Amino acid sequence: MRYIDAFCHFSPPRYFNALVESPAGQKDIGKRVRGIPALHDLDLRLKVVDQFADYTQVLSLGLPMVDRLWGPDKTPEMAKLANDGLAEVCDKHPDRFVGYTAVVPMNAPEAAAKEAERALKNGAHGVQLGTNVNGRAIDGPEFWPLYEVIEKSGKPILAASGTQP
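Summary of the structure given here. (Residues numbered from 1 in each chain as written. Predicted model: local features only at pLDDT ≥ 70, side-chain atom pairs only at ≥ 80, totals over all residues. Heavy atoms only, no water.)

Regarding its fold elements, the protein chain presents 7 helices and 6 strands. When the helices and strands of the protein chain are listed from N to C terminus, the series reads β-α-α-α-β-α-α-β-β-α-β-α-β. Taken against the 2.2 N^0.38 rule, which gives 15 Å for 165 residues, the C-alpha radius of gyration of the protein chain at 15 Å falls within 12% of a compact globule. Once the C-alpha set of the protein chain is aligned to its principal axes, its extents read approximately 45 × 40 × 25 Å. The 165 residues of the protein chain split such that 47% are buried. Counting contacts in the protein chain only where the partners sit at least 6 residues apart, residues at least 24 apart contribute 75% of the total. Here the protein chain contributes 19 positively and 21 negatively charged side chains, and the mean placements of these two sets differ by 3 Å. (Helix = DSSP H or I, 4+ residues; strand = E, 2+ residues; numbered from the N terminus. Rg over C-alpha atoms; globule rule 2.2 N^0.38 Å. Buried < 20%, exposed > 50% of the residue type's maximum accessible area, 1.4 Å probe, protein only. Contact = heavy atoms within 4.5 Å. Lys, Arg positive; Asp, Glu negative; His and termini not counted. Charge placed at Lys NZ, Arg CZ, Asp CG, Glu CD.)

Attention now goes to the packing of helix α1 (residues 13-21) against helix α5 (residues 75-92). Packing of α1 against α5 brings their axes to within 7 Å, and their N-to-C directions diverge by 140°. Of the possible angle classes, the one that applies to α1 and α5 is oblique. Taking contact as the criterion, the partners of Arg14, Tyr15 and Ala18 in α1 are, on α5, Met78, Leu81 and Ala82. Of the residues belonging to the contact of α1 with α5, the class tally is 5 nonpolar, no polar and 1 charged. (Axes fitted to C-alpha atoms, helices over the stretch in contact; angles between N-to-C directions. Parallel < 35°, antiparallel > 145°, perpendicular 65-115°, else oblique. Nonpolar A, V, L, I, M, F, W, Y, C, P; charged D, E, K, R; others polar.)

Further remarks concern the sheet that holds strand β6 (residues 157-160). If you walk across this open sheet you meet the 3 strands as β4-β5-β6, and the pairing is parallel. Looking at which strands have only one partner, the edges of the open sheet turn out to be β4 (102-103) and β6. Of the pairings in the sheet, the one linking strand β5 (residues 127-130) to β6 comprises 4 bridges and is parallel in character. Following the sheet pairing, Gln128 is matched in β6 by Leu158. (Pairing = 2+ DSSP bridges.)

Dropping the structure here:
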């Protein structure tokens with residue numbers, strides 16, 4: 001029997017470097033993610049996955065969500081960097097990582113819809129959303145275009161809890 005772990009947090013290298021250089025990355029969250037190497041060290045993650053027969057992962061970006069780290073001027077770029085990095089890891093190691101869920105810049109709703117559409121067309125298996133956007137609910141009309149893109153794709157939304165301000 002093949003086992004697929006469908007919500008495994010991982011930060012691809014270029015995104016991880018940007019995270020730890022961000023203002024939040026200079027504080028507690030940076031210490032936390034640096035302290036758990038399997039969240040960003042691909043060689044270590046591969047060793048973990050290889051310990052189990054018939055085991056694969058669907059990768060998702062680790063917390064915090066991009067909108068907790070950067071403002072709307074930077075989050076579209078960072079979401080693209082994260083999604084492209086996750087796609088690259090999956091493309092290089094399809095026997096261990098069967099896919100990924102995309103992250104979108106929720107503090108820039110128009111850009112979120114565009115990034116979801118781009119990432120889903122490029123192979124993302126779903127979209128990961130936080131339970132709020134810096135304390136604001138994610139059910140406002142500004143997010144409806146995003147939900148229309150996701151609904152049209154037929155792919156799931158994965159909610160990342162613990163995203164409170």
